[in-house]
Amino acid sequence: MLLCLLTYLRSMRNQAYDGDWPPESYNALFMVRLFTKYFVDNLSQPQIHDQYESDRKFPDVVPPPARRPSVSPTNPLTTVQLGDKKVLIDPHVVLDKRLHAEQLLEELFQLLIYGMTETPSNYEFYVEALNLLIVMFSTQLGRTAADASQGNYFLDITLGRLSHFARGVVGRLVANSIEQQPPPPAAGGVLYSAYSYLFSAKKSDGPRSRGNSPLADKSMLLILVLSNQSPPNFTNMFRDAVGGLQDTQVATDQGPDILENRENLNISFRKLYQMFCGTLEVEENSLLVYLLMQQNRSFKAYVLSRTDPDSLDDVYMESIQKIMIPPQPWYTQAIIKSGLSLSGLTILVLIRTIQANLSQHKDIYFHTNCLAILANMSSKISGMHSVVAQKIVGLFETVSKRYLKLQQRASNDNLPLTPMPADVKKLFFPVSPNHENLNLSIVQIDPADRDCDLIIYSDLVSLLLEFKNSILTHTLKNNAQLIYALMHKKEMFGMFRMHPQFGDLIENIDTVNTYFHTKLVESDLKMPSAADVLKVIEQASKTWPPGKLKVFAELKFQYEEEKEYSLFFLPYVWSLVYRHGLIYWDEDKVKLIDEIDPDFPVDDFTVPL
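Parameters at a glance
- Residues numbered from 1 in each chain as written.
- Predicted model: local features only at pLDDT ≥ 70, side-chain atom pairs only at ≥ 80, totals over all residues.
- Heavy atoms only, no water.
- Axes fitted to C-alpha atoms, helices over the stretch in contact; angles between N-to-C directions.
- Helix = DSSP H or I, 4+ residues; strand = E, 2+ residues; numbered from the N terminus.
- Parallel < 35°, antiparallel > 145°, perpendicular 65-115°, else oblique.
- Left-handed = near helix turned anticlockwise from the far one by under 90°.
- Contact = heavy atoms within 4.5 Å.
- Nonpolar A, V, L, I, M, F, W, Y, C, P; charged D, E, K, R; others polar.
- Core = buried A, V, L, I, M, F, W, Y, C linked by side-chain atoms within 4.5 Å.
- Buried < 20%, exposed > 50% of the residue type's maximum accessible area, 1.4 Å probe, protein only.
- Expected span 1.5 Å × (residues − 1).
- Salt bridge = Lys/Arg side-chain N within 4 Å of Asp/Glu carboxyl O.
- Phe/Tyr/Trp six-rings, centres within 6.5 Å; stacked < 30°, edge-to-face > 60°.
- Lys NZ or Arg CZ within 6 Å of the ring centre and 35° of its normal.

> Where do I start with the packing of helix α14 (residues 269-279) against helix α16 (residues 297-304) in this structure?
Closest axis-to-axis distance for the α14/α16 pair is 11 Å, and the angle between their directions is 65°. With respect to their mutual orientation, α14 and α16 come out roughly perpendicular. When you trace α14 past α16, the crossing you get is right-handed. In this structure, α14 uses F269, R270, L272, Y273 and F276 to contact α16, whose residues at the interface are S298, F299, Y302 and V303. Residues that form the contact of α14 with α16 fall into these classes: seven nonpolar, one polar and one charged.

> Looking at this structure, how should I read the nonpolar core?
Side chains that are nonpolar tend, in soluble globular proteins, to be buried together. Membership of the largest hydrophobic core comes to 94 residues, with the highest contact counts inside it found for Y52, L104, F137 and W574. Sorting elements by how many residues they give to this core places helix α6 (residues 120-137) first, with twelve residues. For Y52, the residues in contact, after removing those within four places along its chain, are L2, V32, T36, F39, H100, A101, L104, M136, Y153 and F154. Among the nonpolar cores identified, the runner-up in size contains 70 residues, and M317, I354, I392 and M487 belong to it.

> Would you explain the environment of I509 in this entry?
Of note, I509 is situated in helix α25 (residues 503-523). Each C-alpha atom of the pair I509 and R497 lies 9.9 Å from the other, and the pair is twelve residues apart in sequence. Sequence-distant contacts of I509, that is, excluding residues within four places in its chain, are made with L465, K468, N469, L472 and F493.

> For this particular structure, what's the right way to read unusual backbone geometry?
A negative phi angle characterises most non-glycine residues, just as the trans form characterises most peptide bonds. One non-glycine residue, Q180, lies in the positive phi region at around 50°. Relative to the helices and strands, Q180 is located in the loop between α8 (166-179) and α9 (194-198). Take Q180: its relative accessible area is 24%, and that puts it in the partly exposed class. Even without being a glycine, D524 presents a positive backbone phi close to 55°. Among the structural elements, D524 can be located in the loop between α25 and α26 (530-542).

> Honestly, helix α27 (residues 566-580) in this entry has me stumped. Any pointers?
Side chains three or four residues apart in an α-helix point the same way, a direct result of the helix having 3.6 residues per turn. Taking 1.5 Å per residue, 15 residues should reach 21 Å; α27 reaches 20 Å between its end C-alpha atoms and fits that length. Restricting attention to buried positions, one finds in α27 the residues S566, F569, L570, P571, V573, W574, S575, L576, V577 and H580. Those residues of α27 hidden inside the fold are in contact with α6, α10 (214-227) and α15 (283-295). Directly beyond the C-terminal end of α27, a positive phi value near 55° is found at L582.

> Even after reading the chapter, I still don't get helix α19 (residues 364-377), so can you show me in this structure?
Along its 14 residues, α19 runs 20 Å from first to last C-alpha, staying within 8% of the 20 Å computed at 1.5 Å per residue. When we look at burial in α19, the residues that qualify are H367, T368, C370, L371, A372, L374, A375 and M377.

> Where do I start with the pattern of salt bridges in this structure?
Opposite charge on two side chains permits pairing when their charged atoms draw close. Tallying each qualifying case throughout the model produces 16 salt bridges. The shortest N-O distance in the salt bridge between E561 and R239 comes to 2.9 Å. Of this pair, E561 sits in the loop between α26 and α27 while R239 sits in helix α11 (residues 237-243), and the two are 322 residues apart along the sequence. Judged by relative accessible area, R239 falls into the buried class, the value being 4%. Salt bridges sharing partners connect three or more residues here, namely D96, R98 and E106.

> How should I be thinking about the packing of aromatic side chains in this particular structure?
Between two aromatic rings, the relevant description is the distance of the centres plus the angle of the planes. One pass over the structure, following the stated rule, counts 26 aromatic pairs. Both rings, one in Y17 and one in W21, keep their centres 6.1 Å apart while their planes meet at 70°; by these two values the pair is edge-to-face. On the basis of relative accessible area, Y17 is assigned to the buried category, the value being 5%. Their ring planes at 70° and their centres at 6.5 Å tell us that Y38 and F39 sit as a pair that is edge-to-face. The exposed category is assigned to Y38, whose relative accessible area is 51%. The exposure class of F39 is buried, given its relative accessible area of 14%. Of the aromatic side chains, those joined through ring pairs into one cluster are F269, Y273, F276, F299 and Y302. Here R239 stacks its cationic end above the ring of Y565, 3.8 Å away from the centre of that ring. The ring of Y457 carries the charged tip of R402 above its face, separated from the ring centre by 5.9 Å.

Keep in mind these values describe shape, not function.
In structure tokens:
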């Protein structure tokens, strides 16, 4: 069956993929996919190799008859004896000394780059070729993230021996994603293949970029699978190819030959940008945006050229402060009737994400990135909603209580204190300028002990205090609700007043609490309500003396991708394939995506910390 498929693919390539491709080739492609899927699910890598590469020696290779009208003189076929059967096989396929898997992967890549999909049969064949490639690479699904890049038969061939196809494959797959070509309407009398008979096309009720174009959806998934590999012994040329994509407008200036060569990485940045703007809610598209912004300087420059990069952050923050949103029914942790800005909702989602991560996943980088976003927002936050203020203070209360318990436990165990090493500080909070100046003291952790909770919670307390200090320093007059929430929990901050690590950060909060408490006393309110207290705070804010607070360095984080990016991205990418690829996977044999806990109740806002 594999030799038959290779024969069909080679014949199609020799004819420059012209015309409709024969239904028999589709059936062979589909059957090879089914067999490969079974091998991937049930066999080891050496056994998969044996299935693909066995029976390479044939007893008879008989030349075709001299006068056979059905055989093209430019591509004669040979009769090969396979057991009791005789089949017509291209002799080049039989005599090719390369691995069968390498031959198949090369032919599939040639098809992806040069194949045309205007007719219904060709479109279905192209999509099935994408399915086969995804199945071949799915050997990673049965591994853990730490082992996913080791010893994958088909991926190793692709990333090593066939890496020279990276530019053409990536360019065509991205073009497919941009074009969003729907399946062509089937004409009357079209033959049914085995695949189209068993599996009719299904349309998705989800976002408009998923389901309406199976070709585009599968192309996007394959881009993500290939570009997020981290091979241990060589460079991922497919990831580099993403970084090498260029705008067709630039390529036009280099001459028409550049545009016509399909192996050149020329796409329309304008169309790509427009696609992203309209479908950013689709996870696959968001991942490709991230990858392009990280790897492709030209596309990043194009995106930044749509606005003033020097004022981009400020414009964004000002915009989300002004955009007021209606109550969100999925947010059930508090009743919010009105007055919530997009900025406030962003803060609530980030806080809830941090809580979920600390209580369930315990992924250091996950909550670090969330806190970094909060930190970068801090100097521009204004008009804070009461619920947002309560959640900010509530998160600090929960984290600080956990920290104090861990510290007490460490003291009871008589563990010595030692300054935190610089490389450890960078691991947890790598770019906050204030952290370099903090005299951090932590419990000495045995390198063999992976329980670093005290280190993590110590830095969490520090960063949350810095976050509040930044808001008070820059926008105190516009955040009466935060001042109210801080005053309501002032005893909690008193526990850290004499702490050598947090004393400086508590000083400003104490100053604010003292100032506004004095104003409340001077107002001589009898049984004041919350509204009365807020009115006093708002009035007192107008006379707040400048320079009263200690100024720290501006709290800014700059994102840096981890060297071992695949540890996070591979499980995530394969979870998208698992959910959206319309290919059956045995969940009992899937290990890779189990690490991201897909069953975690993300819509449950009542999970305790």
